[in-house]
Amino acid sequence: MGLFEPLLEEIDRRWQPPAGRKIRLPIIGSAALMLQTEYARATKDADVLETLAITAEVKDQLLGMAGKGKALHERFGLYLDVVPGGLPFLPQKALFHPVAGLGRLKNFTAEALDVTDVIVSKLRRFNSSDDADARSIAELGLLEHKRLVARFEKALDSFLLDARAADLPKIIRNLNKVERDYLGAPPSAFDLPDWV
């Protein structure tokens, strides 16, 4: 069993009142990588993407049980965080996959963000952990250049339409680093509007 499954199973066990209909729990970031690959690294949190299914009441209960400094954080050494939907650099229709090992949850359907979409999402912040995740996933042979660029272009389309477009030159530089340094591929070029 991996790092995150026991925490998610305990949240499911404690959930009150029972949800009746399962709540979709979209997991992103390094937790999504570790839930669907052999990749592992030290981390302190698991990120859940805020969606219409993650209502204020659901969010409050998740964070009340497993948020930073709460009982389950103390018990498992991991905490849950809920990330606003508009924050990550993602295609408008991000790809999620059911987490096979969590099919027995009663109150949740746990879904992990597609491995390529996780790497795309990390290109906006791209701190040392994000960089290490991209390098490791590439070294494991789980990152294909053509697919990475195609998913990146889908995210680019979403960001071009609002104030987040100002981040695009930096995000493209981060993509180019992954292409060049970890995939041995030529860096992609993109036409951006003059105002960016």
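Residues numbered from 1 in each chain as written. Predicted model: local features only at pLDDT ≥ 70, side-chain atom pairs only at ≥ 80, totals over all residues. Heavy atoms only, no water.

**Q** Sorry, what's going on with the nonpolar core here?
**A** Across soluble globular proteins, nonpolar side chains show a tendency to be buried alongside one another. Counting residues in each nonpolar core, the largest one holds 62 residues, and the members touching the most others are Ile11 and Phe152. Once residues within four sequence positions are removed from consideration, Phe152 is found in contact with Phe89, Val120, Leu123, Ile171, Ile172, Leu175 and Phe190. (Core = buried A, V, L, I, M, F, W, Y, C linked by side-chain atoms within 4.5 Å. Buried < 20%, exposed > 50% of the residue type's maximum accessible area, 1.4 Å probe, protein only. Contact = heavy atoms within 4.5 Å.)

**Q** What should I look at first to understand the pairing of strand 2 (residues 45–49) in this one?
**A** Two faces, one strand: in a regular strand the side chains alternate between the faces of the sheet. Taking burial as the measure, the five residues of strand 2 include five buried ones, the bulk of the element. Burial along strand 2 is two-sided: the residues Asp45, Asp47 and Leu49 and Ala46 and Val48 are all buried. Here two bridges tie strand 1 (residues 23–28) to strand 2, and the two strands are oriented antiparallel to one another. Bridging across to strand 2, Ile28 finds its partner in Asp47. Pairing analysis gives five bridges linking strand 2 to strand 3 (residues 79–83), with the strands arranged parallel. Residue pairing in the sheet places Leu49 in a bridge with Val83 of strand 3. (Helix = DSSP H or I, 4+ residues; strand = E, 2+ residues; numbered from the N terminus. Pairing = 2+ DSSP bridges.)

**Q** Where do I start with the packing of helix 6 (residues 128–139) against helix 8 (residues 168–182) in this structure?
**A** Look at helix 6 against helix 8: their axes get within 10 Å of each other, and the N-to-C directions meet at 40°. As judged from the angle between their axes, helix 6 and helix 8 are oblique. For the pair helix 6 and helix 8, the sense of crossing is right-handed. Counting all contacts with helix 6, which are made through Asp131, Ala134, Arg135 and Ala138, the residues of helix 8 involved are Lys177, Val178 and Tyr182. (Axes fitted to C-alpha atoms, helices over the stretch in contact; angles between N-to-C directions. Parallel < 35°, antiparallel > 145°, perpendicular 65-115°, else oblique. Left-handed = near helix turned anticlockwise from the far one by under 90°.)

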